[in-house]
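# A look at the structure
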Amino acid sequence: MGHVHLRVADIPSTIAFYRDVLGLALMAALGEQAAFLSAGGYHHHIGANTWESAGARQAPPGSATLRQATLLLPDDAARDRIASAIARTGQEPEPLDGGVLVHDPSGNPVVLQVARTS
C-alpha cells in the first residue's frame, strides 16, 4: 500500500504526533483540515483529515474502522527511540509480538515494527 488516510479529530495534535514524536516530515497541510506526512521525501505516506471527523471520538466497538496501521522502521534502535519518545508524552507503548502498539491523539492505532530483510 502506498499510503493510508486517517480520520482525525484535529490537525495540530496529529502533526505534533506524526512529525514531532514519530519523526515524519510534514509535506503539505491544508490549514486545520488536512495534513500529509512522509518519510524519505515521498509525497505522503500518511494523510490525515478532519473533513468528517473534526472533534470526533474513536468509532465505537463493532464499527467499520481502521484496526491498525504499521510503521516499518529500519532497526530496533529506531523503534526503541520512538517508543521512548511516545512514553515521554504520557502514553504507555504496548509491546506486541514483533512490534510496539501506540495510538495517535485521535486514537488511531499504530504499530511500530522493524522491517526485517530475509
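Residues numbered from 1 in each chain as written. Predicted model: local features only at pLDDT ≥ 70, side-chain atom pairs only at ≥ 80, totals over all residues. Heavy atoms only, no water.

### So, the nonpolar core
Of all hydrophobic cores here, the largest spans 25 residues; its most connected members are F17, Y18, L22, I86, V102 and L112. Elements with a contribution of two residues or more to this core: β1 (4-7), α1 (11-21), β3 (34-38), β4 (46-49), β5 (69-73), α2 (76-88), β7 (99-103) and β8 (109-114). Once residues within four sequence positions are removed from consideration, V102 is found in contact with F17, I86, Q91, P93, N108, P109, V110 and L112. (Core = buried A, V, L, I, M, F, W, Y, C linked by side-chain atoms within 4.5 Å. Buried < 20%, exposed > 50% of the residue type's maximum accessible area, 1.4 Å probe, protein only. Helix = DSSP H or I, 4+ residues; strand = E, 2+ residues; numbered from the N terminus. Contact = heavy atoms within 4.5 Å.)

### Digging into the sheet that holds strand β6 (residues 94-96)
One open sheet holds the four strands; their spatial order is β5-β8-β7-β6, and the pairing between them is mixed. Looking at strand neighbours, the two that pair on one side only are β5 and β6, the edges of this open sheet. The mean inter-strand angle of the sheet, taken between neighbouring strand axes irrespective of direction, is 30 degrees. Where β7 meets β8, four bridges bridge the pair, whose relative direction is antiparallel. Across the sheet, H103 pairs through a bridge with P109, a residue of β8. (Pairing = 2+ DSSP bridges. Axes fitted to C-alpha atoms, helices over the stretch in contact; angles between N-to-C directions.)

### Quick look at the layout of surface pockets
Reported here for the largest pocket is a volume of approximately 390 Å³. What lines the largest pocket is a set of 18 residues, among which V4, H45, I46, T70 and L71 lie closest to the centre. Where the lining of the largest pocket is concerned, the elements lending two or more residues are β1 and β5. Here the residues of the lining of the largest pocket are counted per class, giving 13 nonpolar, five polar and no charged. By volume, the second largest pocket is sized at about 230 Å³. R7, Q58, A59, T65 and N108 are, among the 15 residues lining the second largest pocket, the residues nearest its centre. Here the lining of the second largest pocket is built from residues that sort into seven nonpolar, six polar and two charged. (1 Å grid on protein atoms, 1.4 Å probe; cavity = no way out; pocket = protein on both sides within 12 Å on 5 of 7 lines; lining within 4 Å. Points joined across faces, edges and corners; volume = space filled by probe spheres on them. Nonpolar A, V, L, I, M, F, W, Y, C, P; charged D, E, K, R; others polar.)

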